[in-house]
Amino acid sequence: MAQAKKITPRAHDYSEWYNDVIMQAELADHSPVRGCMVIRPHGYRIWELMQRALDDMFKATGHQNAYFPLFIPMSFLAKEAEHVEGFAKEVALVTHTRLMATGKAGAQALMPDPASALEEPLVVRPTSETIIYAMFAKWIQSYRDLPLLMNQWCNIVRWELRTRLFLRTTEFLWQEGHTAHATEPEAEAEARRMLGVYRTFQEQWMAMPVITGRKTDSEKFAGAVRTYALEGLMQDNKALQAGTSHNLGQNFAKAFQVKYQTAPGGLDYVWNTSWGVTTRMIGGLVMTHSDDNGLVCPPKLAPVQVVIVPIWKSEEERGQASGVGGRVKTELEQAGIRVELDLRDNMKPGAKYFEWEAKGVPLRLEIGPRDVAAGQAMAARRTGGKAPIKLDGLARTVAGVLEEIQTGLFAAARERPEAHSVRGVTKQQFIEFMKGAGGGGFAYGGFCGSGGCEAEIKQETGATVRVLPDPEFRSAEAPTTCMWCGKPSVAEAVWAQAY
RNA sequence: CGAGCAGUGGCGCAGCCGGUAGCGCACGUGGUUCGGGACCACGGGGCCGCGGGUUCGAAUCCCGCCUGCUCGACCA
């Protein structure tokens, strides 16, 4: 009785389940370097599909890609006071340029050559504001050069102490947009616009519902005037920040002397924005849709959208099923669908089903003798349900099914945050909600705006303000008092325990 | 970065009162199978996480380190 390694059920241990899903789906693996993962082909393909969709959206909104260096002079980081403070504790440094042999064995065999010490260490970028705005200062002369809309796809290093695959790793991949504008309102509009782009992507491609809003001062990006964010609610009722967009004001423009000549002839600092999403989204994808059988991947981001499994007993049947499978594959491929035909003869069909399910393939087509005879294929959805479909017009039918699965996943995912949100909470309800058996979720309530309340709430319940929600997410009745201290409320807030 | 647990063929584990490594799955070959994780036979595969030490002899005992997991302080 062959039994492949099981995935730990979600109900038993959520984080073990999360790791199992990633390993079984072959999305990523641990590397020998602490806190650094290897993104395996199946996981990297998801990232490529994410990149393509987002990149098209960035281009459509007028942004251009460029590439800036991995190394940043240490002194650059020091130029914006809040920014340094935010990142100083987690940067990797390059201090030497040569190694020398010591004559010892093992890890001690080599050491940095003291003679090669850099006069000024280089920081491995934790984010690129500093080096990018240093360049913007060279390129921007007049208001005619604005707005300058740029983006780069790259890797980032932040020396994290506690890591999780995709959710928090020392090195990760992301995209960082950086723009410069002539006026504050334009920068604000850009920061908001890109937040909207992210929301569209996360809802329509990832089928992941998010709430958007502004971060409190204690949660905002170091160096930003305002930070906006998107927050999703995972299956364990913890929130995941899935993207951020910052209005940087003139903070970096002043630090890096990014000035432009105005139309009337004056001189002014530019207004900047920056915004990013990371490979963390893959973790969000896993924790939004997947189940105890493994990954569930929305069709638009599935590396393999359809797997064809031929079924046979005799050699003759094998030839027929494989033949039909091959033709189906070609037909689907011509329709732009990502297909795999599983011809392996050392596995029984059932074993193949389990494997492809673990990898998140949305639709499986089984083609056996009965189907060949009937001119059909059995279509099994990853999300449940199995029914025959005619081979005539198959590509169109399959495309329709994939679309249904995509919208079905989003609809199902939307129920979760709705079912696990409470509005207009009192302090007692809040504590019960966060620490009780229900497992928490999004708690909406009045907030006085004080960092003291935030700190106390975090201390007592582990919850933090995820966002001060945008109008479309706010409660019908605006709260009047802080749910924690009872003082007048300055804004409704959404609290949750977060990743 | 602190506390606890763990690391043995690809995966999951046993062996740990010292005597030179074993099981299940996976893998290879042959055959029978194939509509939800096949079976039989034969076979290949292990610096026992790394480095030191104790000992005639270390997977096993001692010390240091590395990596992972869980929990705390910090963060996309």
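Look up a bit, the structure's there.
For every chain, the first residue of the written sequence is number 1, and numbering continues from 1 along that sequence. Working convention: letters from A go to chains and numbers from 1 go to ligands, in the order in which they are written. Totals for whole chains, interfaces and linings use all residues, but because this is a predicted model, local features are given only for residues with pLDDT of at least 70 and pairs of side-chain atoms are given and counted only at 80 or more. For side-chain calculations, the full set of non-hydrogen atoms in the structure is used, while hydrogens and water are omitted.

1. Re the overall build of chain A
Selection criterion: Helix and strand definitions here come from DSSP, where helices need a minimum of 4 consecutive H or I residues and strands a minimum of 2 consecutive E residues; each element is numbered from the N-terminal end. Each radius of gyration reported is based on C-alpha atoms, and the globular scaling rule is 2.2 Å times the count of residues to the power 0.38. Burial status follows relative accessibility: with a 1.4 Å probe on protein chains alone, a residue under 20% of its type maximum counts as buried, one over 50% as exposed, and anything between as partly exposed. Should any heavy atoms of two residues lie within 4.5 Å, those residues are counted as being in contact. Here, Shrake-Rupley sampling with a 1.4 Å probe gives the accessible areas, and only protein chains in the shown set may cover a residue. Only four residue types enter the tally: Lys and Arg on the positive side, Asp and Glu on the negative side, with His and both chain ends excluded. Charge positions are represented by NZ for Lys, CZ for Arg, CG for Asp and CD for Glu.
If you tally the helices and strands in chain A, you get 14 helices and 25 strands. A globule of 499 residues ought to have a C-alpha radius of gyration of about 23 Å, and chain A, at 26 Å, matches this closely. Its C-alpha atoms give chain A principal-axis dimensions of about 80 × 65 × 55 Å. Split into buried and exposed, the 499 residues of chain A put 52% on the buried side. In chain A, 69% of the contacts between residues at least 6 apart in sequence involve partners at least 24 apart. When the accessible surface of chain A is totalled, it reaches about 22,800 Å², and 53% of it is carbon and sulfur. Within chain A, the 57 negative side-chain charges are centred at a point lying 1 Å from the centre of the 56 positive side-chain charges.

2. Quick word on the packing of aromatic side chains
To keep it simple, the criterion reads: In summary, the pairing rule links any two rings of Phe, Tyr or Trp, Trp by its six-membered ring, whose centres are within 6.5 Å, and it sorts them by plane angle into stacked for under 30 degrees, edge-to-face for over 60 and tilted for everything else. In this scheme, the term charge over a ring applies when either NZ of a lysine or CZ of an arginine sits within 6 Å of the ring centre and within 35 degrees of the ring normal.
This structure, assessed with the given rule, holds 17 aromatic pairs. Plain terms: the ring middles of Trp47 and Trp153 are 5.7 Å apart, the flat faces sit at 75 degrees to each other, and that makes the pair edge-to-face. Taken together, the residues Trp47 in helix α2 (residues 41-60) and Trp153 in strand β9 (residues 148-157) connect sequence positions 106 residues apart. As far as burial versus exposure is concerned, Trp47 and Trp153 are alike and both buried. Between Lys238 and the ring centre of Tyr499, over which it is positioned, the NZ or CZ distance is 4.4 Å. The residue whose ring lies beneath Arg364 is Tyr353, and the NZ or CZ to ring-centre distance is 3.8 Å.

3. Some thoughts on the environment of Gln24
Here Gln24 shows up in helix α1 (residues 14-24). Residues Gln24 and Ala358 lie 334 residues apart in sequence; the distance between their C-alpha atoms is 6.3 Å.

4. A short note on the packing of helix α13 (residues 427-435) against helix α14 (residues 451-461)
For any two helices packed against each other, one specifies the crossing angle of their axes together with the interaxial distance. Put simply, the rule is: To define axes, lines are fitted to C-alpha atoms, for helices over the stretch in contact only, and angles between the resulting N-to-C directions are given on a 0 to 180 degree scale. Orientation is classified from the angle alone, with under 35 degrees giving roughly parallel, over 145 giving roughly antiparallel, 65 to 115 giving roughly perpendicular, and any other angle giving oblique. Nonpolar residues are Ala, Val, Leu, Ile, Met, Phe, Trp, Tyr, Cys and Pro. Charged residues are Asp, Glu, Lys and Arg, and all others, Gly as well, are polar.
Where α13 contacts α14, the two axes come as close as 10 Å, and the packing angle between them is 45 degrees. Overall, the two elements α13 and α14 adopt an arrangement that is oblique. Contacts between α13 and α14 involve Phe430, Ile431, Met434 and Lys435 from the first element and Ile457, Glu460 and Thr461 from the second. Across the contact of α13 with α14, the residue classes tally to four nonpolar, one polar and two charged.

5. Some remarks on the packing of helix α9 (residues 315-334) against helix α12 (residues 394-419)
The cut-off we apply is this: Take the far helix as the reference: if the near one is turned anticlockwise from it by less than a right angle, the crossing is left-handed, and if turned clockwise, right-handed.
Put simply, α9 and α12 touch, their axes get as near as 9 Å, and they point 65 degrees apart. Relative to α12, the crossing made by α9 is right-handed. Taken together, the residues of α12 that come into contact with α9 (itself represented by Val328, Glu331 and Leu332) are Leu394, Ala395 and Val398. Looking at the contact of α9 with α12 residue by residue, the class counts come to five nonpolar, no polar and one charged.

6. Things to note about the sheet that holds strand β21 (residues 386-390)
Heads up, the rule is: Strands qualify as paired when DSSP identifies two bridges or more between them.
Taken together, five strands build an open sheet; the order of strands is β18-β17-β19-β20-β21 and the sheet is mixed. Both outer strands of the open sheet, β18 (339-341) and β21, are each paired with one neighbouring strand and no more. Each strand of the sheet is rotated relative to its neighbour by a mean of 25 degrees, with strand direction disregarded. Pairing geometry for strand β19 (residues 363-367) and strand β20 (residues 376-381), over four bridges, is antiparallel. Bridge pairing in β20 places Arg364 opposite Ala380. Relative to the sheet, α9 contacts β17 (306-310), β18 and β19, its axis offset from that of β18 by approximately 165 degrees. Relative to β17, helix α10 (residues 349-358) is tilted by about 170 degrees, and along the sheet it contacts β17, β18 and β19.

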